[in-house]
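# Summary of structural features
Read off the chains here:
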Amino acid sequence: MPSRHRLLAIAVAAIWGVNFLAIDASLAQFPPLFLVALRFALIAIPTVLLVRPPQVPLRWLLGYGLGFGVAQYSLLYIAMTLGMPAGLASLVLQASAPFTVLLGVLFTRESLGRRAGIGIAVAVLGLAVVGWHRAENAAIWPFVLTLLAGLGWAIGNICTREARSTQPLRLVLWMSVIPPIPTLALSLLVEGPQRIAASADGLLTSRGLLAILGLLYTVVIATLVASGIWSWLMSRHPAGSVAPFSMLVPVVGMSAAWIVLSQGVAPLELAGGVLVVGGVLLASWVPGRARRARRVEVAVPDQERQMARPAPGAEEARVASRP
């Protein structure tokens, strides 16, 4: 991967890490479920009007939207509203990686290599350490909800993989069309119209303006810009070369929360975080020989397709020769 592409991957991880601060600011003004509906509605409306749907089976698009959009963000936002620190949330959400591998083994019959198995075990141990410390020193339910949010992300990952879209950014945009209606319905049922209406009060105060800026950052910068760059990188490089950069997200998220929100991390939680990041890196690491083999596998079909294409001008000559 060229150096400039590595810098882009690092920039995306930094954007996603800071996004947890933006979410925290938005949740100070809006109820969590209503915020999820609002976030995706701002993307869904222009998508329906301007972007063509991706050519993927509907069931995988629905699964992606319900898992990644509805389950992940609803549970994450509720957890943060109940007291899950923004920095720690960025770490625990990385549980999506071992969940993705395990769901792949269970439902798509993927093989689990020895290295991946050890890496998952290490990551799970790290999550257990963090969860044990939270249970001893704080409410456990925000941690559990964040863990389940990681499971929702993993379900979205499996559906994305099975969709096998050649238009990843278009798939992301149309995934955003699915969450607004179910999350708004849940918000009306759970949070109630009065609480939703009350969130409009004080939008011109410093807290309200900060919440709006946080929402815009989440929608424009973290979702459209960062996801677009990430999809572009994933389409040009092996997943094993790009995916490990996502492990910088909790590093940035926890550092930013410590600097901006003064959210410190206990030594035991930090140790568990190191185990989580290290385990996920180990599970996703692909040896150099395997990476080279994958490049060859990708390159050969591309060459075959190019050889099968007609020579320049052949199609025009064929059409011109028709009676």
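Provided above is the structure to which this section pertains.
Quantities reported herein were computed from a predicted structural model and do not represent experimental measurements. (Residues numbered from 1 in each chain as written. Predicted model: local features only at pLDDT ≥ 70, side-chain atom pairs only at ≥ 80, totals over all residues. Heavy atoms only, no water.)

Summed over all chains, the structure comprises 7 aromatic pairs. Here the aromatic rings of Y64 and F68 are separated by 5.5 Å at their centres, their planes lie at 55 degrees, and the arrangement is tilted. Linking Y64 with F68, this pair stays in helix α3 (residues 58–81), spanning 4 residues, or about one helical turn. There is no split in this pair, since Y64 and F68 are both buried. Taken together through their ring pairs, the aromatic side chains of F40, Y64, F68, Y73, Y77 and W153 make up a single cluster. Sitting above the plane of the F40 ring, R39 keeps its charged end 5.2 Å from the centroid. A cation sits over an aromatic face here: R39 above Y73, 4.0 Å from the ring centre. (Phe/Tyr/Trp six-rings, centres within 6.5 Å; stacked < 30°, edge-to-face > 60°. Helix = DSSP H or I, 4+ residues; strand = E, 2+ residues; numbered from the N terminus. Buried < 20%, exposed > 50% of the residue type's maximum accessible area, 1.4 Å probe, protein only. Lys NZ or Arg CZ within 6 Å of the ring centre and 35° of its normal.)

Let's shift gears to the side chain of T218. By the element assignment, T218 lies in helix α11 (residues 206–236). Sequence-distant contacts of T218, that is, excluding residues within four places in its chain, are made with N19, A22, I23, R39, Y77 and T223. (Contact = heavy atoms within 4.5 Å.)

Interhelical geometry of helix α5 (residues 96–107) versus helix α7 (residues 141–163) gives an angle of 50 degrees and a closest axis separation of 8 Å. Put simply, α5 runs oblique to α7. Here α5 runs over α7; the crossing is right-handed. Residue-level inspection shows S96, F99, T100, L103 and G104 of α5 in contact with α7, the latter providing L147, G150, L151, W153, A154, I155, N157, I158 and R161. Here the contact of α5 with α7 is composed, by residue class, of 8 nonpolar, 5 polar and 1 charged. (Axes fitted to C-alpha atoms, helices over the stretch in contact; angles between N-to-C directions. Parallel < 35°, antiparallel > 145°, perpendicular 65-115°, else oblique. Left-handed = near helix turned anticlockwise from the far one by under 90°. Nonpolar A, V, L, I, M, F, W, Y, C, P; charged D, E, K, R; others polar.)

On the surface, a nonpolar cluster with roughly 600 Å² of combined accessible area is contributed by L204, L209, L210, I212, L213 and L216. With respect to the helices, strands and loops of the structure, I212 is situated in helix α11. (Patch = residues over 30% accessible without salt bridge, like charges linked within 9 Å, V, L, I, M, F, W, Y side chains within 5 Å. Areas by Shrake-Rupley, 256 points an atom, 1.4 Å probe, with all protein chains shown as cover. Salt bridge = Lys/Arg side-chain N within 4 Å of Asp/Glu carboxyl O.)

Contact geometry of α3 with helix α8 (residues 168–175) gives a least axis separation of 9 Å together with a crossing angle of 65 degrees. As far as their axial angle goes, α8 and α3 are roughly perpendicular. Crossing geometry of α3 relative to α8 is assigned as right-handed. Contacts from L61, Y64, G65, F68 and G69 in α3 reach L171, V172, W174 and M175 in α8. For the contact of α3 with α8, the class distribution of residues is 7 nonpolar, 2 polar and no charged.

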